[in-house]
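Here is what each chain is made of, one letter per residue.
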Amino acid sequence: MKVTDLNASEYNSYYETYISKVSKNINLIDGFIKADKDVVDFFKSIPENKLDYRYASDKWSIKDVFQHIIDTERVFMYRCFRIGRHDTTPLAGYEQDDYVNPSNADNKSLNNLLEEYKIVRKSFIVLLKSLSDKDLMFKGHASGYPLSARAAAFIILGHEIHHIEVIKARYL
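Residues numbered from 1 in each chain as written. Predicted model: local features only at pLDDT ≥ 70, side-chain atom pairs only at ≥ 80, totals over all residues. Heavy atoms only, no water.

This paragraph deals with the overall build of the chain. Looking only at helices and strands, the chain has seven helices and two strands in total. Taken from N to C terminus, the helices and strands of the chain fall in the order α-α-α-α-α-α-β-β-α. What you see for the chain is a C-alpha radius of gyration of 16 Å, in line with the 16 Å of a compact globule of 172 residues. Projecting the C-alpha coordinates of the chain onto the three principal axes gives extents of approximately 45 × 30 × 25 Å. Across the 172 residues in the chain, those meeting the buried criterion constitute 47%. Counting only contacts in the chain whose residues sit at least 6 apart along the sequence, the fraction spanning at least 24 positions is 78%. Here the chain displays about 8,700 Å² of accessible surface, and carbon together with sulfur accounts for 50% of that area. Of note, the chain has its 24 positive side-chain charges centred 3 Å away from the centre of its 24 negative side-chain charges. (Helix = DSSP H or I, 4+ residues; strand = E, 2+ residues; numbered from the N terminus. Rg over C-alpha atoms; globule rule 2.2 N^0.38 Å. Buried < 20%, exposed > 50% of the residue type's maximum accessible area, 1.4 Å probe, protein only. Contact = heavy atoms within 4.5 Å. Areas by Shrake-Rupley, 256 points an atom, 1.4 Å probe, with all protein chains shown as cover. Lys, Arg positive; Asp, Glu negative; His and termini not counted. Charge placed at Lys NZ, Arg CZ, Asp CG, Glu CD.)

This is the structure in structure tokens:
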């Protein structure tokens, strides 16, 4: 299953920003496996003295951004799970800013964040492997809009690409 298999009825147009960043030639599970290595390698390459850097006083640190990537993956994995199990209960929205301060990302080491990311990613990969194509194409509702299980997964792949691009442009 590739991102080109998605159609616009499977997700809110807001997420096109992320979906458009996903390679058109990679299948979903391979994309998650490759991105796992890419994300880990990227964050390991950042000098330790830059991890707490904020390009403006009201912006997140690099650690906050990494924690946001992890938290968002958790939220979208849950959405993928519920929808992939054919649950039609509307799922609530996700206010990312409400999660940043309580996460205490700046008090975590890079190794702690990497461990957390790898475990969440492995869990998402195992979930994806457990879902049939029919399950992945099933549509539920999240944040008031239709969302397929596979769209929830592809959004995550593009979401982390987006934030790595932001870190490269504004933090490093």
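Among the nonpolar cores identified, the biggest contains 54 residues, and Phe32, Phe43, Phe66 and Phe124 are the most heavily contacted of them. Elements supplying a minimum of two residues to this core: helix 1 (16-19), helix 2 (28-45), helix 3 (62-84), helix 5 (110-130) and helix 7 (149-170). Among residues more than four places away in sequence, those in contact with Phe66 are Val39, Phe43, Leu110, Leu113, Leu114 and Tyr117. (Core = buried A, V, L, I, M, F, W, Y, C linked by side-chain atoms within 4.5 Å.)

As a working rule, side chains carrying opposite charge can pair if their charged atoms are close by. A complete count under the given rule lists 13 salt bridges for this structure. For Arg150, the salt bridge is made with Glu10, and the minimal N-O distance between the two is 2.7 Å. One end of the pair, Arg150, is in helix 7; the other, Glu10, is in the segment before helix 1, with 140 residues separating them in the sequence. Residue Arg150 shares its accessibility class with Glu10, and that shared class is buried. Between Glu73 and Arg121 there is a salt bridge, and its shortest N-O distance comes to 2.7 Å. Highlighted residues: Glu73 in helix 3 and Arg121 in helix 5, separated in sequence by 48 residues. Assigned by exposure class, Glu73 and Arg121 land together as buried. Overlapping salt bridges, with partners in common, bring together Asp71, Arg74, Lys108 and Glu116 in one network. (Salt bridge = Lys/Arg side-chain N within 4 Å of Asp/Glu carboxyl O.)

Here we take up unusual backbone geometry. The backbone phi angle of His86 is positive, close to 70°, even though this residue is not glycine. Note that His86 resides in the loop between helix 3 and helix 4 (97-103). A residue is classified by how much of its surface remains accessible, and His86, at 30% relative accessible area, is partly exposed.

The next subject is the pairing of strand 1 (residues 139-142). Across the two faces of strand 1 the burial differs, with Gly140 and Ala142 buried and Lys139 and His141 not buried at all. The pairing of strand 1 with strand 2 (residues 145-148) spans four bridges and is antiparallel. Pairing of Gly140 across the sheet is with Leu147, part of strand 2. Where strand 1 folds back on strand 2, the antiparallel hairpin that results is connected by two residues, among which Ser143 adopts a positive phi of roughly 55°. (Pairing = 2+ DSSP bridges.)

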